[in-house]
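# Residue-level structure breakdown
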Amino acid sequence: MFELNKTLTYQSLMLLKGEIEDFIATVGNIGVIFVEVVKRIFSFKINFKETIEQSKRFAFDSLPISLTIVGMTSAIIAMQLAPELAKQGGADYTGTLSALVMVRELATIMSGFAIISMVGSSFASELASMAVTEQINAMTVLKVDYISYLIVPRFLAGVVFMPCVFILSAVFGLICAGYVSNWCADLSLLNYYTSLWHGLYLRDIFIALLKASFFGGTIALISCVHGCFTHGGAKEVGLATTKAVVWSFLGIAVWDFIFASFFYL
Amino acid sequence: MSLKIKNLSKMFDDKYVLNDISLEVQNGETLGVIGFSGSGKSTLLKIISGILEADSGEIIYPKDSEVAMAFQYSALFDFLNVFDNIAFPIVERKELRKKYTKSELEKIVKEKLKMVGLEGIEEKYPSELSGGMQKRVGFARAIVTNPNIILYDEPTAGLDPVTSTMIEDYIVQLKKELNASCIVVTHQLSTIRRAVDRVIMLYQGKMVFQGSVQELLRGTDEYSRQFVSASITGPMNIIGT
C-alpha cells in the first residue's frame, strides 16, 4: 500500500511537473514567435496575397456567428433589463446601459469567443495538420520563411479585422436591444436611441477598438503557435486545436482584465 | 566541391540520436544511409537540410549550395495544386521570383514535371494523386531550384515494387542531370542496389558501417551481415528501437 501511494504521489508530481513545463514552453514559444512576427512586420516582410486571403477568412467566416451571438446576448439583456427599469421608472436608461455594457465589455468578448470558435480553431487545426505532415518543414527546406508566409498574415488579419467584426457586432447588438426594449417595455425606438447616445463615449469606443485589436492578434498568435509546434499525428492535431481554443479564451480574459484595470479602475 | 560533415552530434532527452558522425559526399555521388528505425537517419537529413540544429559538429556546404529534400510522405502543400506546389519556392523567394517571367515559370514547372515522368497534371491537387505520383511531384518541387544537394527520406517506402523501381531510376537520373550530391535514407535493399554508390549504416546514433554497396551486400562485417540477412540476432539489438 505504501509503495502504491509512493508511486501514485510520484506519478502525480511528475504529471504536474510535465504540465508546468508544457505551460512554460508554450508561453516561451508564444513570446518568441511574437517577437519574430513583429520583426518581420517592421522589416516589411509581409506576404500581401496571403494576408488578404486570411483577412477575408477572419472577417467573413466569423461575422455571421459573431452577429448572432452578440445580437442574441444583447437581446436577452434588454429583455431582462428594460421591463425592470420600466418598473423603477428608469426605462429611458435602457439605451445608456446597453451602450455601456455592449461597447465596454460584451461585444468585444462575445465576438472574441465567436472568432476563437470559428477562426482560431481552424487556424490551429490547419497549421497542426501541416506540421505533422511535414509541410512546414518543407517550407523551411525550400527556404521560404514559414513565419512570414503562415503566421504574419494571420496575425495581421486578426489585428486589423477583429475591430471590424466587433464594431459591426456591437451596432447589430444595440439595434437588437432597441427592438427588444420596444417589444418588452414599450420603450419607443426614438427614446431608446436618444438614451443610447448618452451612453456612447468616444473614449469607450477607442478603448474597445484597441481591445478588439489585441484580442484578434492574441487569438491568431496563440492558434498559430499551437498549430505550428504540433508533433505526432491525428490525436495531437485534435489536442493542439483544443489547447489553442483554451489558451485563446485565457488570453482574451487576461487582456480584458488588464484593459479594465488600466482604463476603468 | 563536396558536402562535408564533421563530428556531428545531436541529443534528444539526454540520449544521443547522432553521436560524432563524420562523412563526405562528392558531387555526382549518392550516399545511402541505412539503419533500423530510430537510429538517427532522418535526424541526419533534418540537420543537413536546416530543419534541425546540431548540438555540436560542423557541416561544410559547397559554395552557393542549394539543398533540396524529398520527404517520406511527399509533404506537398495540400492547399495548392501541382503547378503552385512546384512553383512555390520560385514564387515565394524574392531573389528567384525576379529572375523569371510568368511564361518562363510555366516552362520550368512543365520541364521539371517531365523530368519525373509526369505531364498534364498541373491543375490537380495532391489529394487527387496516387502515392507514387505524389512522390514524383515532391521530387519535381525539390529540383525546381536546381539544387546541388538532394536529400531523399525513404523515397520508396510504402510503394509497390514497380513504382519503387521507377522512383529509383529517377533518383539516378536526377543526380546525373543536376550533378548533385545525394543522400538517400532507406530501408530497401532494392533502392541501395539500384540508386546508391556508397553506404553508411547508423546504429544508436553511431556510424557502424561504411563501404561500397558490394561490401554491404557481401556482408563484410557483422553489422552489414545482420542488416542484409534481416536477422534479429547480431550486434544490433532491435528490441525497443
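## Remarks on the overall build of chain A
- Scanning chain A from N- to C-terminus turns up 8 helices and 0 strands.
- The helix and strand sequence of chain A, counted from the amino end, reads α-α-α-α-α-α-α-α.
- Buried residues in chain A amount to 44% of all 265 residues.
- Taking as baseline every contact in chain A between residues at least 6 positions apart, the subset at least 24 positions apart corresponds to 87%.

## A look at the overall build of chain B
- In terms of regular secondary structure, chain B is built from 9 helices and 9 strands.
- When the 241 residues of chain B are sorted by exposure, 41% land in the buried category.
- Partitioning the contacts of chain B with sequence separation of at least 6, the portion at a separation of at least 24 is 66%.

## A look at the interface of chain A and chain B
- At the junction of the two partners, chain A supplies 11 residues and chain B supplies 14 residues.
- Classifying every residue of the side of chain A that touches chain B gives 5 nonpolar, 4 polar and 2 charged.

## Digging into the pairing of strand β1 (residues 2–12) of chain B
Residue and element names in this part refer to chain B.
- Across 8 bridges, β1 lies against strand β2 (residues 15–26) in antiparallel orientation. Bridge pairing in β2 places I5 opposite L23.
- From the end of β1 to the start of β2, which pair antiparallel, there are 2 residues, and D13 there has a positive phi angle of about 50°.
- In terms of strand pairing, β1 meets strand β4 (residues 56–60) through 4 bridges, oriented antiparallel. Paired with K4 across the two strands is I60, which belongs to β4.

## A word on the packing of helix α3 (residues 94–132) of chain A against helix α6 (residues 189–199) of chain A
All names here are of chain A.
- Packing of α3 against α6 leaves a shortest axis separation of 6 Å and a crossing angle of 45°. One finds that α3 runs oblique with respect to α6. The handedness of the crossing between α3 and α6 is right-handed. Side by side, α3 and α6 meet where T94, G95, T96, L97, S98, A99 and L100 of the first sit next to Y192, Y193, S195, L196, H198 and G199 of the second.

## Describing the confidence of the model for chain B
Residue and element names in this part refer to chain B.
- Mean pLDDT for chain B: 90, with 98% of residues reaching 70 or above.
- Averaged over each element, pLDDT in chain B is lowest for helix α9 (residues 222–228) (85) and highest for helix α2 (residues 82–92) (96).
- Predicted complex metrics record ipTM = 0.90 and pTM = 0.89.

## So, the sheet that holds strand β5 (residues 67–70) of chain B
Residue and element names in this part refer to chain B.
- Strand order in the open sheet formed by 6 strands is β5-β6-β7-β3-β8-β9, with mixed pairing between adjacent strands. Each having just a single partner strand, β5 and β9 (206–212) make up the two edges of the open sheet. Pairwise comparison of adjacent strand axes, ignoring direction, gives a mean angle of 20° for this sheet.
- Across 4 bridges, the pairing between strand β3 (residues 30–34) and strand β8 (residues 198–203) is parallel. Each residue of the ladder has a partner; that of V33, found in β8, is I200.
- Contacting β5 and β6 (149–153), helix α5 (residues 131–143) crosses the sheet at an angle of about 175° to β5.

## Some remarks on the pairing of β9(B)
All names here are of chain B.
- Pairing analysis gives 6 bridges linking β8 to β9, with the strands arranged antiparallel. The residue bridging Y203 from the neighbouring strand is K206, located in β9.
- Where β8 folds back on β9, the antiparallel hairpin that results is connected by 2 residues, among which Q204 adopts a positive phi of roughly 50°.

## Looking at helix α6 (residues 161–178) of chain B
Residues and elements named next belong to chain B.
- When the terminal C-alpha atoms of α6 are compared, their 26 Å separation across 18 residues agrees well with the 26 Å that a helix rising 1.5 Å per residue should span.
- Here α6 has its buried residues at S164, I167, E168, Y170, I171, L174, K175 and L178. The buried residues of α6 all sit within an arc of 160° when viewed along its axis, so they share a single face. For α6, the exposed residues lying more than 90 degrees away from the buried face are P161, V162, K176 and E177.
- Residues of α6 that are buried in the fold lie against β3, α4 (102–115), α5, β6, β7 (181–185) and α7 (189–195).
- Directly after α6, the chain includes N179, whose backbone phi takes a positive value near 50°.

## Side note on the sheet that holds β4(B)
Residue and element names in this part refer to chain B.
- An order of β2-β1-β4 is seen for the 3 strands of this open sheet, with the pairing classed as antiparallel. Of all strands in the sheet, those with a lone pairing partner are β2 and β4, marking the two edges. The mean inter-strand angle of the sheet, taken between neighbouring strand axes irrespective of direction, is 15°.
- Along the sheet face, helix α1 (residues 41–49) touches β1, β2 and β4 and points at about 60° away from the line of β2.

## Let's talk about unusual backbone geometry
All names here are of chain B.
- The phi torsion at D64 lies on the positive side, around 50°, for a residue other than glycine.
- For D64, a count of 7 C-beta atoms within 10 Å corresponds to the exposed category.
- One non-glycine residue with positive phi stands out, namely E154, at about 45°.

Thresholds applied
- Residues numbered from 1 in each chain as written.
- Chains lettered and ligands numbered in written order.
- Predicted model: local features only at pLDDT ≥ 70, side-chain atom pairs only at ≥ 80, totals over all residues.
- Helix = DSSP H or I, 4+ residues; strand = E, 2+ residues; numbered from the N terminus.
- Buried ≥ 20, exposed ≤ 12 C-beta atoms within 10 Å, placed from the backbone.
- Contact = placed C-beta atoms within 7 Å.
- Nonpolar A, V, L, I, M, F, W, Y, C, P; charged D, E, K, R; others polar.
- Pairing = 2+ DSSP bridges.
- Axes fitted to C-alpha atoms, helices over the stretch in contact; angles between N-to-C directions.
- Parallel < 35°, antiparallel > 145°, perpendicular 65-115°, else oblique.
- Left-handed = near helix turned anticlockwise from the far one by under 90°.
- pLDDT = per-residue confidence, 0-100.
- Expected span 1.5 Å × (residues − 1).
- Arc of directions from axis to C-beta.

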